[in-house]
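Notes for the structure review
Residue-level listing of the chains:
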Amino acid sequence: MFFKKRPAPAPFKPDLTRVRLYNGDYYGLSGDTVPTYTLCEWDEDWDPVFPELAMDCALAILDDFPVVVNCLYPGFVGGDVHDEEEIAKYLRNIRELDLGLLSNSGITLTHGPDRGLVASFDHDDDWFQMFFYGYRQLPAGSTLSGTPFVPDVRLYFKHLHTCLTITTANSIDIFAEKIREVCKKYGKTLVVQELPSKAKD
């Protein structure tokens, strides 16, 4: 008796040449009614440089914002970013912002993004997540004590699964162009897509 031998399936080869910018909240992280966009790997969790690319995109988007609130959070319950040597060292030399939020986070106020805080942790480490709130201007005579004013753009970076969510009531076009330029530096092509139906459910 002869059995027809089935060919072995070809090994999976992730596409590392492209990244996606979804018109929507792919992982459901924002919980906002404001338009949200999600920058993701083309093949989920396969691209080793994507965490750096995503963070570089966040920095590029925020570069010309005169006011940025930077919030570095532990990725797990019970964690404290101040327990990490490099982060604690950086925060000791800069004035942290007290917004009445969790004391286990590092929060700073800067012109443009806080690159020092960003550089103090590994972006491919799922122990950390980071929010950025970018403001073109604040109401006259106001300060940032208490809950932040509604920002012009909010960015959320997380690893596992790595993504960058961009929440803004403004046009995404200028931000998409900055993301596209960062992608080129990494040898990647940005593809803008509608959110797939499975992610909407």
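Our structure is the block above this text.
All of these numbers come straight from a predicted model, not from anything done at the bench. Per chain, residues are indexed from 1 in the order of the written sequence. Whole-chain, interface and lining totals are the exception, using all residues; otherwise, since this is a predicted model, local features are given only for residues with pLDDT of at least 70 and side-chain atom pairs are given and counted only at 80 or more. Each side-chain value is derived from all of the structure's non-hydrogen atoms; neither hydrogens nor water enter the calculation.

Concerning the overall build of the protein chain
Where we set the bar: Starting at the N terminus, helices and strands are each numbered in turn, a helix being any DSSP run of H or I of at least four residues and a strand any DSSP run of E of at least two. Burial classification: accessible surface area is computed with a 1.4 Å probe over protein chains only, and a residue below 20% of its type maximum counts as buried, one above 50% as exposed, and the rest as partly exposed. Note on definitions: a residue-residue contact is assigned when non-hydrogen atoms from the two residues lie within 4.5 Å. Surface exposure here means Shrake-Rupley accessible area, sampled with a 1.4 Å probe, where a residue is shielded only by the protein chains that are shown.
Of regular secondary structure, the protein chain possesses five helices and eight strands. Of the regular secondary structure in the protein chain, the N- to C-terminal order runs β-β-α-β-α-β-α-β-β-β-α-β-α. With 201 residues in all, the protein chain has 46% of them scored as buried. For the protein chain, long-range pairs separated by at least 24 residues make up 67% of all intrachain contacts whose partners lie at least 6 apart in sequence. Approximately 11400 Å² of the protein chain is accessible, and the part contributed by carbon and sulfur atoms is 54%.

Thoughts on the packing of aromatic side chains
Put simply, the test is: When the centres of two rings from Phe, Tyr and Trp lie within 6.5 Å, Trp using its six-membered ring, the rings pair. Their planes under 30 degrees apart give stacked, over 60 give edge-to-face, and anything left gives tilted. In this analysis the charged atom, NZ for Lys or CZ for Arg, is taken to sit over a ring once it is within 6 Å of the ring centre and within 35 degrees of the ring normal.
The full count for this structure, using the stated rule, is eight aromatic pairs. Seen in terms of ring centroids, Phe131 and Tyr133 are 6.1 Å apart; in terms of plane orientation they differ by 15°. Their pairing is stacked. The class of Tyr133 is buried, set by a relative accessible area of 15%. Through successive ring pairs, a cluster of aromatic residues spans Tyr73, Phe131, Tyr133 and Tyr156. Over the aromatic face of Trp42 sits the side chain of Arg18, whose NZ or CZ is 3.8 Å from the ring centroid. The ring of Trp42 has Arg20 lying over it, and the distance from NZ or CZ to the ring centre is 3.7 Å.

A word on a nonpolar patch on the surface
Test applied: Only residues whose relative accessible area exceeds 30% and that form no salt bridge are eligible for patches; like-charged ones are grouped when within 9 Å, while nonpolar side chains (Val, Leu, Ile, Met, Phe, Trp, Tyr) are grouped when within 5 Å. Note on definitions: salt bridges are taken to be side-chain nitrogens of Lys or Arg within 4 Å of carboxyl oxygens of Asp or Glu.
A contiguous nonpolar surface patch, about 330 Å² in accessible area, is contributed by Phe12, Leu16 and Trp46. Structurally, Leu16 is set in the segment before strand 1 (18–23). Leu16 sits in the partly exposed class, given a relative accessible area of 37%.

Looking at the sheet that holds strand 7 (residues 163–167)
Our working definition: Pairing between two strands is assigned when DSSP locates at least 2 bridges connecting them. Note on definitions: angles span 0 to 180 degrees between N-to-C directions of axes, and those axes are lines fitted to C-alpha atoms, for helices only across the stretch in contact.
If you walk across this open sheet you meet the eight strands as 4-3-5-6-7-2-1-8, and the pairing is mixed. The outermost strands of the open sheet, each flanked by one partner alone, are strand 4 (106–110) and strand 8 (189–194). With direction set aside, neighbouring strand axes in the sheet form an average angle of 15°. Here strand 3 (residues 67–74) pairs with strand 5 (residues 128–135) via eight bridges, running antiparallel. The partner of Val67 across the bridge, within strand 5, is Tyr135. Sitting on the sheet, helix 1 (residues 50–62) touches strand 1, strand 2 (36–41), strand 3, strand 5, strand 6 (153–158) and strand 7, and the angle it makes with strand 6 is about 165°.

Quick notes on the side chain of Asp43
Its location among the elements puts Asp43 in the loop between strand 2 and helix 1. Other than its neighbours up to four places away in sequence, Asp43 contacts Phe12, Pro14 and Asp15.

What to know about the packing of helix 1 against helix 4 (residues 173–185)
Using the following cut-off: Working rule for angles: under 35 degrees goes down as roughly parallel, over 145 as roughly antiparallel, 65 to 115 as roughly perpendicular, anything else as oblique. Crossing handedness follows the turn of the near helix against the far one: under a right angle anticlockwise gives a left-handed crossing, and clockwise gives a right-handed one. Each residue is assigned to one class: nonpolar for Ala, Val, Leu, Ile, Met, Phe, Trp, Tyr, Cys and Pro, charged for Asp, Glu, Lys and Arg, and polar for all the others, Gly among them.
Two elements in contact, helix 1 and helix 4, have axes separated by 9 Å at closest approach and are oriented at 135°. Between helix 1 and helix 4, the angle falls in the class oblique. The crossing of helix 1 and helix 4 is right-handed. Facing Leu53, Asp56, Cys57, Ala60 and Ile61 of helix 1, the residues of helix 4 in contact are Phe175, Lys178, Ile179, Val182 and Cys183. Classifying every residue of the contact of helix 1 with helix 4 gives eight nonpolar, no polar and two charged.

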